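What follows is the residue order along each chain.
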Amino acid sequence: MNKPKRTAISVAAAQAALLFSGLAFGQATTTPAAQPAATDAKTQKIETVVVSGRRAALQSAQKIKQESDEIVDSVNADDIGKLPDKSVTEVLQRIVGVTIDRTMAKGDPEHYSVEGSSVNIRGLSWVRSEVNGRDTFSANGGRALNFEDVPPELMAGVDVYKNPSAEQVEGAVGGLVNLRTALPFDYNGLKGAVSVSGNYNDLQGKWSPAVSGLLSNRWKTDLGEFGALLSLARSKTTTRTDLWQVEPYYNVDGTHWVPKGSQWRDSNFDRTREGTYGALQWKKADVSSSLTYFESKYRMHWDENALFSQNSPFNIVIGSDATYGANNQLLTGTLSDPTDGGINFGADTRYMTRDSRTRDLGWNLKWKASDRWSFSTDFQVVRSKTNAFDSTVATGLQIPKETVDLTGSTPRVVFDASDLAALQDKGNYYWAFTMEHLDRSKANSKVWRADAKFNFDHPVLQDLRFGIRLTDKDATTINSTPSYNWAAITQTWQRGWDINHLAYLNDPRFNAPVTLHEFKNFFGGQNVPSIYVPDVSLAKGYPGTYADLHKYHDILCTEQHGGDASACGAWAPATFGTDPLGTNEQHEKTQAVYGQLRFGWEDQPMPVDGNVGLRVVRTDMRAAGFMVFKNNAPTTSTTGVPIPVVAAFSKALDASQTYTNVLPSLNLRLKASDQLQFRLAAAQAMSRPDFSQMQAYTSLSLDTQKHTLPDNTVVIDSVSLTGKAEGNPMLKPIKSSQLDLTGEWYFSKTGSLTLALFDKELKDIIVGQSATVQLTDGSGTPVNFTVTSPVNGAKGHARGLEIAFQRYFDMLPGWLSGFGVQANYTYVDSKTKPYSPVLSAFCAGTSTGADNLNLNVNGCDTDGRTFGNLPLLNLSKNAYNLALLYDYGPISARVAYSWRSKYLQGVNVNGTNGGDGRLANGTGVAWALPTWSDAYGQIDAGVTYRYSDNLSFSLEGQNLNNALARQLMQQNIGYMTRGVNYTGRRYSVQASYSF
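The paragraphs below set out a description of the structure included in this document. (Residues numbered from 1 in each chain as written. Predicted model: local features only at pLDDT ≥ 70, side-chain atom pairs only at ≥ 80, totals over all residues. Heavy atoms only, no water.)

## What about the state of the cysteines?
Taken as a whole and judged by the stated rule, the model has two disulfides. At a sulfur-sulfur separation of 1.7 Å, the disulfide partner of Cys843 is Cys860. Here the S-S torsion is close to 65 degrees, and the disulfide linking Cys843 with Cys860 is therefore right-handed. Of this pair, Cys843 sits in the loop between β41 (819–834) and α7 (853–858) while Cys860 sits in the loop between α7 and β42 (878–888), and the two are 17 residues apart along the sequence. Across this residue pair, the class does not change: Cys843 and Cys860 are buried. What connects to what in the chain, once the bonded cysteines are numbered by sequence position, is 1-2, 3-4. (Disulfide = S-S within 2.5 Å. Helix = DSSP H or I, 4+ residues; strand = E, 2+ residues; numbered from the N terminus. Buried < 20%, exposed > 50% of the residue type's maximum accessible area, 1.4 Å probe, protein only.)

Structure below.
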């Protein structure tokens, strides 16, 4: 009997099985084909292979990695509009070397983002984004796309490039993320697809819908072949986050460390994401062209209700029931504050909206002039804008005591009957404060590039690619001034000098609407008492409702001053668009040229190929802004230290600079066999500063320290010439010299084991430090002001390794052969070294601003002790992904676990900073704790059942392990729990039809 014949694919699978312990990685669903005519009365069985589902997506992604000229990892959609996760950020976290941050905004890690926000590659945040190979961005003061804004349903795949070539656009020290969409010529003819899904949030008990569709076709005519594609997507997601939180610990008595209290909050997040993508293609003979339009819209509404401690830490009295840990930190106990009339809380209602839109129009023309020469040109216009409004209105609350339990995995507040009664008594609540923030950003870019390629007829030289690229970009961001305008209505510290008492809710004069907010299903079933918070209409009604609330202060202030209303300052809203301090206007033009030679020794026993190139880019930056100088010196005659004569001024300024970067690169590949290859990549890379770091607004001041003699003579003891820059328009790019070594074993079409070692040597990292601004006095003598500003002030490194593995167990019989695994691990070590270190053992002063360099760079505890030796932000030393896969017959499934170790979120950030610290000698001091995200791992799963070739159904779940996202604050008593976020599980069901 003859052995059955097999197709090339199954033969390759069998060979790979022998190579790797009898196991192959790649799905082969075999079906018997029609029997051919018998020869010599013998029949032959022919096996055909159908690869689909996640296995097909892995196969195409692996092919991209294996054949790429550069080091790249990819994720491909396993069906039209079907990336494996619900957001692009969540897709990216599956890629080796990529991690995502789950906070809503930089500088505010208190607020959690369920779907993730920013992306880091190999621990670095300097990431560039593209759509179909073209640079794109969001108008947020940065240079990359807000990946959470992008509908994943429009994507055909995502590629992450980790070491650049000269041909690629500069600006990616961390790496490059390229989002790929389909083109009409990707399909043979008419193609259509539609998906409808429902998303369910377990914590809220709510459903939200999503729908997407694609239609594409191509036609042959006398004028050439034409193609058209249209893809639309719209999804709505609603999530909730519950948070238990602990205030920082203070050394209240020289021995014991006690937090101001523990508290809780819940926040509800609703977002609507819409996407439109259209593409036209044309080809005739050796000429082809395409026109693409991509638009993403993102509308978000977020509201929060919170109870938070705001009493004086050194007035806290610790009950006799207190217990302490090994470092004398409070574990359990009752806190009271008789000095201030009780434990003081804030109870707020916060309302925030953001509306963003990015539009990207691109045109490309290609001409293959001959067998040797080909040319292309590309033109792109990007327009992006975003508007945000953030409003908080708060009541205050005083109760006799608070009992905390900090021993469990989540902090708790324990209530007895008297506590519950106090929380329900309106007479304990008062109108506390308001805080508004507004911002509006827009960014526009025009890009033109022209490229040529010459093919050699040579045994080694393959082709020479060269081209030019010109860009013109404008970006304007307007923030309210102050950015977050906190304003007291009535506060306990105002009593006796500004107001006669607080504006209590049970006083009929102060009858603005409030709501008894219930924390339903808190943490999935905990009982937390209700609290009185301002009605959301007060937050949404800015500025009118704010003005009405602040009249409560005016009533009490007038009473305090015996009816004299002129002694009470009126509330004023934050300015918006009228104060130069709030406006950041940037203009950037670049001109780049590159040349890249591809070569290969293909006739060697172990072929070597690669490319070597050079990219030279010139950047012209211009920032429009203001400089303000205030002279606070006495106007009377003085003696002592002379005072420079510099007149006060406020003037517009234009700051500009030009710099050129020369960026060589080398990519080599050695093919030890058809399955085994090695790469070496070396390059110099750069990433330009974010526009938010380059604002041209500087405020200078001349201040004096003086004393007066008995004869009224004013003696100047010293003169201080200081200032603050909101940004630095003279910042240069962060630079990196980087090296990669990889070993890649592709033992089947979807089976591989890869190892990468990398080293990025960084310089000109941007940090806050002192710089000098020079003015001239009346006689022309230079006067130097010491100004705090962002500077290129540090060097460092990020180095580590990546390991990735995937395979299917095809050697198993029957349905068991559908199982597979996918795993990857990343290790990154980082270090920064300031050019001018500012580390000292203790912080000084009570400023939490940018002028307190030691505090901002190194962090300080509430007792003034400095930390230092901090890693790069958002960098986890260890991260890994594990996935169990299944593809057999009509079923395709995945269970995936993503984990990353703890990482530094920030140093001087909202919630873990303040000016009420105290040195051992009793002197007040500012403090800012390094705030960390603790290690976090999440299980997601999905299963798809293909009912027919056209119809499939899917069920997916996110955070199935109900993971808690824990935040830590670094103190000298250890890494203490700052907060614990609970988001619950999410589910989605989807039906998809294609033809």
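## Describing the nonpolar core
Taken as a class, soluble globular proteins show a tendency for nonpolar side chains to be buried jointly. Judged by nonpolar contacts, the single largest core of 69 residues is most densely connected at Tyr249, Trp264, Trp431, Ile531, Leu549 and Tyr552. Among the elements that take part in this core, strand β26 (residues 429–455) stands out by supplying six residues, more than any other. Ignoring any residue separated from it by four or fewer positions in sequence, one finds Tyr249 in contact with Trp257, Val258, Pro259, Gln329, Leu330, Leu406, Thr862, Met969, Gln971, Ile973 and Met976. One finds Ala77, Leu92, Val177 and Leu229 within the second-largest nonpolar core, a separate group that totals 32 residues. (Core = buried A, V, L, I, M, F, W, Y, C linked by side-chain atoms within 4.5 Å. Contact = heavy atoms within 4.5 Å.)

## Let's talk about empty space enclosed by the protein
If you roll a probe as big as a water molecule over the atoms, it shows you where there is empty space left. Inspection of the entire model under this criterion finds 14 cavities of 30 Å³ or more. Space inside the largest cavity adds up to approximately 580 Å³. In terms of lining residues, the largest cavity is bounded by 32 residues, among which Leu58, Ser74, Val75, Gln806 and Gln822 are the most central. Elements with a minimum of two residues in the lining of the largest cavity: α2 (53–67), β3 (72–76), β39 (751–776), β40 (782–808), β41, β42 and β43 (891–900). In terms of residues, the lining of the largest cavity owes the most to one element, α2, which gives six residues. Residue composition of the lining of the largest cavity, grouped by class: 16 nonpolar, nine polar and seven charged. (1 Å grid on protein atoms, 1.4 Å probe; cavity = no way out; pocket = protein on both sides within 12 Å on 5 of 7 lines; lining within 4 Å. Points joined across faces, edges and corners; volume = space filled by probe spheres on them. Nonpolar A, V, L, I, M, F, W, Y, C, P; charged D, E, K, R; others polar.)

## Description of a positive patch on the surface
Among the surface-exposed residues, Arg359, Arg383, Lys385, Lys446 and Lys589 lie close enough to one another that they form a single positively charged patch. Using a relative accessible area of 30% as the deciding quantity, one classes Arg359 as partly exposed. (Patch = residues over 30% accessible without salt bridge, like charges linked within 9 Å, V, L, I, M, F, W, Y side chains within 5 Å. Areas by Shrake-Rupley, 256 points an atom, 1.4 Å probe, with all protein chains shown as cover. Salt bridge = Lys/Arg side-chain N within 4 Å of Asp/Glu carboxyl O. Lys, Arg positive; Asp, Glu negative; His and termini not counted. Charge placed at Lys NZ, Arg CZ, Asp CG, Glu CD.)

## Remarks on the packing of aromatic side chains
Under the defined criterion, the tally for this structure stands at 35 aromatic pairs. Ring centres of Phe523 and Tyr982 lie 5.2 Å apart, and the angle between their planes is 25 degrees; this geometry places the pair in the stacked category. Placement of Phe523 in the loop between β29 (514–517) and β30 (531–534) and of Tyr982 in strand β51 (residues 974–982) is noted, with a sequence separation of 459 residues between them. On the basis of relative accessibility, which here comes to 10%, the residue Phe523 falls in the buried class. Following the ring pairs from residue to residue traces out a cluster consisting of Trp244, Trp264, Phe415, Phe519, Phe522, Phe523 and Tyr982. The residue whose ring lies beneath Arg900 is Tyr903, and the NZ or CZ to ring-centre distance is 3.6 Å. Looking at Lys902, its charged tip hangs above the ring of Tyr975, at a distance of 4.8 Å from the centre. (Phe/Tyr/Trp six-rings, centres within 6.5 Å; stacked < 30°, edge-to-face > 60°. Lys NZ or Arg CZ within 6 Å of the ring centre and 35° of its normal.)

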